[in-house]
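The primary structure of each chain is shown beneath.
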Amino acid sequence: MIILDGKSLSKKQMGLLQTQVQDFVSAHGMAPGLAVILVGGDPASQVYVSHKHRACQQVGMVSQVIRQPDHISQKELLSLIDRLNEDEKVHGILIQLPLPAGIDSEKVLAHVAFEKDVDGFHPYNTGRLFRDQESMVPCTPLGVMVLLKEYGIAVEGANVVVIGKSNIVGKPMAALMMNAGATVSVCHSKTKDLTSFCQQADIIVSAAGRPDLIRANMIRPDAVVIDVGINRRPDGKLVGDVAFDEVSQKARAITPVPGGVGPMTIAMLLTSTLRAAQLQIQGKIS
């Protein structure tokens, strides 16, 4: 059984990024810039944003965290995005979710210039992803694909089950798998007999947000299990969607929680920011 170690791979990716950012600075006289908009004081969002900020600094990118009160109006938020869209020193814009009630998240996300949409949530990028064209891709699904490639796990021709149909993970994950040549089933809360789908899967990606959803009796002995879930038990322990102790005894390969997919998400965010900067600079030169 193989532990798919996202923590060590993310460190490797960050090392490569540090060199690539130095090369970018040498070539263009400026560092890639990421702006993160944080609205309100959600504790989990505060932690996520601080991790992203530190990671940017680690690889030599310029990071600015723009904190706004939860009573900001949608009009004011859109005006802020307009300013960042026009700022040539900002190559990537990230809206930290969730946004407060009363703000139309879809409208806000679609207001970010698609070329600066490093989260891959803009309808333009979503459309291109589903058409198998070059686009900005949501960071967590992209991290899963990089992790599978690193460990030599073939996606082409595989039967894949994606559990969860969110716009952030489930749907783009399914699209990436299909684009890579997999046969994909997307399961969710309305799926009848989840076990029967999982027992036929070569690769299972669970992003349901339900502890112990995937048990050993649900998988094939040679299955690869990717756990995207992040859940906190009453005792404070962080767990995924997969009953790790029992499933790891049967699976061919599995990601731990924490230390699996999570670290890859931030590494992919910075990778996308560098790519956005390169594309924007090329556009200005051409």
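Coordinates for the structure precede this section.
A.B. asks: So, the pairing of strand β2 (residues 33-39): which residues are in play, and what are the values?
C.D. replies: Burial within β2 is extensive, with 7 of its 7 residues counted as buried. With burial as the criterion, each face of β2 is covered, one bearing G33, A35, I37 and V39 and the other bearing L34, V36 and L38. Where β2 lies against strand β3 (residues 62-68), 7 bridges are found, and the strand directions are parallel. Residue pairing in the sheet places L34 in a bridge with S63 of β3. This β-α-β element, β2 to helix α2 (residues 43-59) to β3, shows right-handed connectivity. Pairing geometry for β2 and strand β4 (residues 92-95), over 4 bridges, is parallel. Across the sheet, A35 pairs through a bridge with I93, a residue of β4.

A.B. asks: An account of the pairing of strand β7 (residues 203-206) is requested, with residue identities and associated values reported.
C.D. replies: With burial as the criterion, each face of β7 is covered, one bearing I203 and V205 and the other bearing I204 and S206. Sheet topology note: the strand β5 (residues 159-163)/β7 ladder contains 4 bridges and is parallel. From the neighbouring strand, V161 faces β7, where its bridge partner is I204. With 4 bridges connecting them, β7 and strand β8 (residues 224-227) associate as parallel partners. Directly across from I203, in β8, lies its bridge partner V224.

A.B. asks: Hey, could you go over a nonpolar patch on the surface for me, with residue numbers and the actual values?
C.D. replies: A surface patch of nonpolar side chains, amounting to about 280 Å² of accessible area, comprises V47, Y48 and I230. Its place among the elements puts Y48 in helix α2.

A.B. asks: Before we move on, could you go through the packing of helix α6 (residues 139-150) against helix α7 (residues 170-179) and cite the residues and values that matter?
C.D. replies: The contact between α6 and α7 brings their axes to 9 Å, and the two run at 40°. α6 and α7 meet at a crossing whose hand is right-handed. Between α6, through P141, L142, V144, M145 and L148, and α7, the contact on the second element is made entirely by P172, M173, L176 and M177. Its residues placed into classes, the contact of α6 with α7 shows 9 nonpolar, no polar and no charged.

A.B. asks: Before we move on, can you summarise helix α1 (residues 6-28) with the specific residues and values?
C.D. replies: Owing to its 3.6 residues per turn, the α-helix brings residues three or four apart onto one side. Between its first and last C-alpha atoms α1 spans 31 Å; for 23 residues at 1.5 Å apiece the expected length is 33 Å, and the two agree. All of the buried residues along α1 are G6, L9, S10, Q13, M14, L17, V21 and F24. Where α1 starts, the residue carrying a side-chain oxygen 3.1 Å from the main-chain nitrogen of K7 turns out to be D5. One or two steps after α1, the chain reaches G29, where phi turns positive at roughly 70°.

A.B. asks: I'd like a description of α7, backed by residues and values.
C.D. replies: Burial analysis of α7 places 7 of its 10 residues in the buried class, the great majority of the element. Turning to α7, its buried residues are G170, P172, M173, A174, A175, L176 and M177. Tucked into the core, α7 has its buried residues touching α5 (123-130), α6, β5, β6 (183-187) and β7. Just beyond α7, the residue with positive phi is G181, at close to 95°.

Rules behind the numbers
Residues numbered from 1 in each chain as written. Predicted model: local features only at pLDDT ≥ 70, side-chain atom pairs only at ≥ 80, totals over all residues. Heavy atoms only, no water. Buried < 20%, exposed > 50% of the residue type's maximum accessible area, 1.4 Å probe, protein only. Helix = DSSP H or I, 4+ residues; strand = E, 2+ residues; numbered from the N terminus. Pairing = 2+ DSSP bridges. Right-handed = clockwise from strand over helix to strand, strands pointing away. Patch = residues over 30% accessible without salt bridge, like charges linked within 9 Å, V, L, I, M, F, W, Y side chains within 5 Å. Areas by Shrake-Rupley, 256 points an atom, 1.4 Å probe, with all protein chains shown as cover. Salt bridge = Lys/Arg side-chain N within 4 Å of Asp/Glu carboxyl O. Axes fitted to C-alpha atoms, helices over the stretch in contact; angles between N-to-C directions. Left-handed = near helix turned anticlockwise from the far one by under 90°. Contact = heavy atoms within 4.5 Å. Nonpolar A, V, L, I, M, F, W, Y, C, P; charged D, E, K, R; others polar. Expected span 1.5 Å × (residues − 1). Polar contact = N/O pair within 3.5 Å; in protein donor to acceptor, adjacent residues only side chain to side chain.

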